[in-house]
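Commentary on secondary and tertiary structure
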Protein chains: 2
Amino acid sequence: MLTYIVGAGAMGCRFGYQMAEAGQKVVLFDGWQDHIQAIKEKGLIITGDQDKTVALDIRPFGQDASVCDLMILFVKAHQLETTLQETAHLRDQHTKVFCLLNGLGHEEVIKRYVDPHNIMMGVTVWTAVLLGPGQVRLKDSGTINFCALDPSGKEVGLEVEALLNQAGLNATYDQEVFKAIWTKACVNGTMNSTCALTDCTIAEFFSSEEGRLIVRQLMHEFITVAKAKGIALDEEKIYQYLMDLSVKLAGHYPSMHQDLVQQKRLTEIDYINGAVARMGADLGIDTPYCKMVTEFIHVKERQIGVRA
Amino acid sequence: MLTYIVGAGAMGCRFGYQMAEAGQKVVLFDGWQDHIQAIKEKGLIITGDQDKTVALDIRPFGQDASVCDLMILFVKAHQLETTLQETAHLRDQHTKVFCLLNGLGHEEVIKRYVDPHNIMMGVTVWTAVLLGPGQVRLKDSGTINFCALDPSGKEVGLEVEALLNQAGLNATYDQEVFKAIWTKACVNGTMNSTCALTDCTIAEFFSSEEGRLIVRQLMHEFITVAKAKGIALDEEKIYQYLMDLSVKLAGHYPSMHQDLVQQKRLTEIDYINGAVARMGADLGIDTPYCKMVTEFIHVKERQIGVRA
């Protein structure tokens with residue numbers, strides 16, 4: 001099976017490395033020239049749980065190549081549509097497209113370019129940090145849950161599960177993957193936007209009574225919209241999970257804080273709280289907290305000049 | 001008529017100075033010892049439209065004094081209840097209490113200590129800046145609109161109007177004062193909390209499409225709650241007023257930004273958006289934007305350590 005990993009950021013590099021290490025045919029595609037050049041010249045420099053340098057096949061997006069069997073998407077959410085267009089020549093009617101992006105609603109975008117029976121949606125708790133061109137830090141272990149969007153995709157799904165597990169990626173073919181995707185979105189939707197907007201650590205936000213009122217309401221909107229889409233989540237269980245996680249991650253700033261406050265980059269708000277607000281509007285469900293926090297983050301993105 | 005000005009901050013000093021200058025009997029009360037000492041020793045130093053130093057009668061809150069005819073309240077909103085308790089010995093059943101505090105709902109607090117027929121509620125666009133102990137900057141002109149809470153108070157109200165106008169304070173006895181109070185609260189409730197939370201100038205916030213969506217919704221909640229309380233405001237007219245004001249004040253940070261971001265002080269959010277949220281809850285009107293922005297400001301107040 002020939003796998004293309006589209007988006008060779010931290011996570012793309014982790015997957016590419018582990019699959020190549022397992023002897024699989026894998027090629028990475030990316031748009032960052034310095035990163036591509038560094039890997040071509042010196043290989044990917046890995047630090048963290050182990051220190052090593054590995055050769056990887058990495059190419060720029062535009063480069064011609066044969067059609068692949070499996071395309072794993074690891075681009076930023078706002079690049080998804082463009083990426084699908086730019087990589088169309090790398091897919092045919094047999095190519096499976098596997099989406100592991102953070103956030104909600106990506107399947108709707110992918111469906112515009114890929115037959116539903118070729119789409120697989122997943123969520124992962126693997127982590128990785130890009131330290132610079134050609135350098136990643138890989139620590140700790142993770143898992144993947146995923147499922148074919150169409151029941152007819154199950155057979156190939158199980159092949160993909162075996163492939164990923166051969167590479168030590170702990171994948172599980174999971175019919176209820178959308179529960180996991182929405183649960184992760186709930187975490188991001190309550191921690192990311194709030195801490196980014198208030199410039200708070202997770203502890204600073206979650207330890208205040210009013211912070212928890214906001215978390216409660218945001219979470220309630222996620223769960224109400226999920227329910228209307230046929231995804232049943234246990235509200236009390238997720239609230240407890242969020243509280244436990246807020247203690248575990250207490251002193252940390254979530255990734256959207258890193259994007260907005262520290263790096264002054266565009267955030268993924270449109271695919272988290274913004275997605276719930278859009279879906280809510282389509283379903284006639286009011287989601288004022290998701291709407292307002294999305295609007296606030298957009299104001300900040302405009303203020304720092306990263307939203308046109 | 002013996003007037004006590006309770007709260008000798010910037011505005012209290014302006015009123016005290018103008019009334020004393022007009023030959024009226026006026027005493028200021030305050031809790032800031034350095035400020036009192038400075039005025040007692042050197043007088044109030046005024047800069048701005050004119051430079052002069054004037055003697056003023058200023059005393060600490062606890063000090064005994066005869067009962068006054070008129071008590072003008074210029075304390076911070078969160079000090080109102082305590083101040084009413086601490087100044088009870090300065091009032092009798094004839095004393096009029098005149099509230100010029102920013103924000104909403106103060107009459108409910110005052111009613112706990114003062115008979116409604118002795119209460120006057122007002123709003124002013126006079127400005128003043130406290131530069132330090134005993135020093136204020138007074139620039140430009142202003143007006144006062146006010147009204148007795150009970151129709152029986154009109155006669156004395158007109159006496160107070162004459163008194164204030166003799167001191168050049170441009171007062172108008174205005175039966176529709178609550179429209180003016182709510183309009184000013186609408187300005188504060190859309191500019192203050194939003195710019196303080198996002199660390200934006202008024203232009204930065206109001207020039208973004210999403211900023212204006214937030215302004216629209218906050219304003220709508222103010223107007224809906226006002227309407228339920230019998231105060232009819234013209235939504236389109238106020239929106240246009242806000243837009244014009246945002247152009248006029250473009251480069252400025254509103255006062256709540258000064259409190260929260262620059263000076264790290266407790267804000268007046270509970271008497272602006274927070275008041276609308278409370279009144280809305282009592283009336284069964286949902287005000288999610290006012291609620292959420294109040295909660296966010298509380299989180300920030302806790303983060304900087306000014307909310308217990």
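Reading the values: the criteria
Residues numbered from 1 in each chain as written. Chains lettered and ligands numbered in written order. Predicted model: local features only at pLDDT ≥ 70, side-chain atom pairs only at ≥ 80, totals over all residues. Heavy atoms only, no water. Helix = DSSP H or I, 4+ residues; strand = E, 2+ residues; numbered from the N terminus. Rg over C-alpha atoms; globule rule 2.2 N^0.38 Å. Buried < 20%, exposed > 50% of the residue type's maximum accessible area, 1.4 Å probe, protein only. Contact = heavy atoms within 4.5 Å. Areas by Shrake-Rupley, 256 points an atom, 1.4 Å probe, with all protein chains shown as cover. Lys, Arg positive; Asp, Glu negative; His and termini not counted. Charge placed at Lys NZ, Arg CZ, Asp CG, Glu CD. Buried area = accessible area lost by both parts, 1.4 Å probe. Salt bridge = Lys/Arg side-chain N within 4 Å of Asp/Glu carboxyl O. UniProt positions renumbered as here; feature names shortened; annotations may be inferred. Pairing = 2+ DSSP bridges. Axes fitted to C-alpha atoms, helices over the stretch in contact; angles between N-to-C directions. Domains from an automatic or database assignment. Least-squares fit on C-alpha atoms with pLDDT ≥ 70 in both. Polar contact = N/O pair within 3.5 Å; in protein donor to acceptor, adjacent residues only side chain to side chain.

Notes on the overall build of chain A
Along chain A, the regular secondary structure elements total twelve helices and twelve strands. Taking 19 Å as the expected radius of gyration for a compact globule of 308 residues, we find that chain A reaches 19 Å, a close match to that expectation. For chain A, the C-alpha atoms occupy an extent of roughly 50 × 40 × 35 Å along the three principal directions. In chain A, which comprises 308 residues, the proportion classed as buried is 56%. Pairs at least 24 residues apart make up 71% of the contacts formed inside chain A by residues separated by at least 6 positions. Surface exposure of chain A reaches about 12800 Å², of which carbon and sulfur atoms provide 49%. Counting 29 positive and 38 negative side-chain charges, chain A places the centres of these two groups 2 Å from one another.

Re the interface of chain B and chain A
Of the residues lining the interface, 27 residues belong to chain B; the matching set on chain A comes to 27 residues. The junction of chain B with chain A conceals about 2400 Å² of combined surface from both sides, 67% of it contributed by carbon and sulfur atoms. Of all residues in chain B, E210, Y289 and M292 of chain B bury the most surface against chain A, accounting for 26% of the area lost on that side. On inspection of chain B and its partner chain A, the count reaches four salt bridges.

Description of the UniProt feature "domain: Ketopantoate reductase N-terminal" (unreviewed entry) in chain A
According to UniProt, the positions carrying the feature "domain: Ketopantoate reductase N-terminal" (unreviewed entry) are residues 4-148 of chain A. Measuring from the first to the last C-alpha atom of residues 4-148 of chain A gives 18 Å, for a span that is 23% helix and 32% strand.

What about helix α11 (residues 273-283) of chain B?
Residues and elements named next belong to chain B. Along α11, the positions that sit buried rather than exposed are N273, G274, A275, V276, A277, M279 and G280. Here the buried face of α11 lies against α6 (177-198), α8 (209-228) and α12 (288-303). The first or second residue beyond α11 is G284, which carries a positive phi of 75°.

Points about the pairing of strand β8 (residues 119-124) of chain A
Residues and elements named next belong to chain A. Most of β8 sits out of view: six of its six residues are buried. Pairing between β8 and strand β11 (residues 144-148): five bridges, direction antiparallel. Looking across to β11, one finds that G122 is bridged to F146.

Remarks on the pattern of salt bridges
Tallying each qualifying case throughout the model produces 22 salt bridges over all chains. R307 of chain A is the salt-bridge partner of D270 of chain A, the closest N and O atoms lying 3.1 Å from each other. Of the two residues, D270 of chain A sits in the loop between α10 (255-262) and α11 (273-283) while R307 of chain A sits in the segment after α12 (288-303), which places them 37 residues apart along the sequence. We note that D270 of chain A, like R307 of chain A, is buried. The partner of E176 of chain B in a salt bridge is K179 of chain B, with the nearest N and O atoms 3.9 Å apart. Since its relative accessible area comes to 48%, E176 of chain B is described here as partly exposed.

Notes on the sheet that holds β11 of chain A
Residues and elements named next belong to chain A. With respect to topology, eight strands assemble into an open sheet ordered β5-β2-β1-β6-β7-β8-β11-β12, the strand pairing being mixed. Each edge of the open sheet carries a strand with a single partner, namely β5 (58-60) and β12 (171-173). Mean inter-strand twist for the sheet, computed between neighbouring axes without regard to direction, equals 25°. Helix α2 (residues 33-42) contacts β2 (25-30) and β5 of the sheet and is inclined by roughly 150° relative to β5. Relative to the sheet, helix α5 (residues 154-166) contacts β1 (2-6), β6 (70-73), β7 (96-99), β8, β11 and β12, its axis offset from that of β12 by approximately 165°.

Some details on the UniProt feature "domain: Ketopantoate reductase C-terminal" (unreviewed entry) in chain A
In the numbering used here, UniProt assigns the "domain: Ketopantoate reductase C-terminal" (unreviewed entry) feature to residues 179-301 of chain A. A helix fraction of 75% and a strand fraction of 0% characterise residues 179-301 of chain A, whose end C-alpha atoms lie 30 Å from each other.

Observations concerning the pairing of strand β9 (residues 129-132) of chain A
Residues and elements named next belong to chain A. Alignment of β9 against strand β10 (residues 135-138), held across three bridges, turns out to be antiparallel. Residue pairing across strands places L130 opposite V136, the latter belonging to β10. Here β9 folds back onto β10, and the loop between the two strands holds two residues, one of which, G134, carries a positive phi near 75°.

Observations regarding the domain arrangement of chain A
All names here are of chain A. Here chain A is partitioned into domain 1 (2-174) and domain 2 (177-304). Measuring from the centre of the C-alpha atoms in domain 1 to the corresponding centre in domain 2 gives 26 Å. Taken residue by residue, the interface counts 18 residues in domain 1 and 17 residues in domain 2. Here domain 1 and domain 2 share an interface that buries about 1500 Å² over both sides, 65% of which is from carbon and sulfur atoms.

Some words on unusual backbone geometry
For N170 of chain A, which is not a glycine, the phi torsion comes out positive at approximately 50°. Among the secondary structure elements, N170 of chain A is positioned in the loop between α5 and β12.

Side note on the relation of the copies chain B and chain A
Overlay of chain B on chain A (RMSD 0.1 Å): rotation 180°, translation along the axis 0.0 Å. Such values leave the two copies arranged in the relation of a two-fold axis. Within chain B, the C-alpha atom positioned nearest to the axis of rotation is that of P288 of chain B, 3.1 Å from it.

Examining the environment of Q262 of chain B
Residue and element names in this part refer to chain B. Inspection of the secondary structure assignment puts Q262 in helix α10 (residues 255-262). Overall, the relative accessible area of 45% leaves Q262 in the partly exposed class. As a C-alpha pair, Q262 and T287 span 25 residues in sequence and 28 Å in three-dimensional space. Here Q262 is in contact with Y253 and H257, once residues within four sequence places are set aside. In this structure the side chain of Q262 is engaged in a polar contact, spanning 2.9 Å, whose partner is the side chain of H257.

Looking at the sheet that holds strand β12 (residues 171-173) of chain B
Two strands in a sheet stick together by hydrogen bonds in their backbones, pointing the same way (parallel) or opposite ways (antiparallel). All names here are of chain B. If you walk across this open sheet you meet the eight strands as β5-β2-β1-β6-β7-β8-β11-β12, and the pairing is mixed. Each of the sheet's edge strands pairs with one partner strand only, and the pair in question is β5 (58-60) and β12. Each strand axis lies, on average, 25° off the axis of its neighbour in the sheet, ignoring direction. The sheet contact formed by strand β6 (residues 70-73) and strand β7 (residues 96-99) spans four bridges and is parallel. Along β7, the bridge assignment pairs I72 with F98. On the sheet, helix α2 (residues 33-42) packs against β2 (25-30) and β5 and is oriented at approximately 150° with respect to β5.

Side note on the environment of C186 of chain B
Structurally, C186 of chain B can be placed in helix α6. In contact with C186 of chain B, other than residues within four places in its own chain, are M219, F222, I223, I238 and L242 of chain B.

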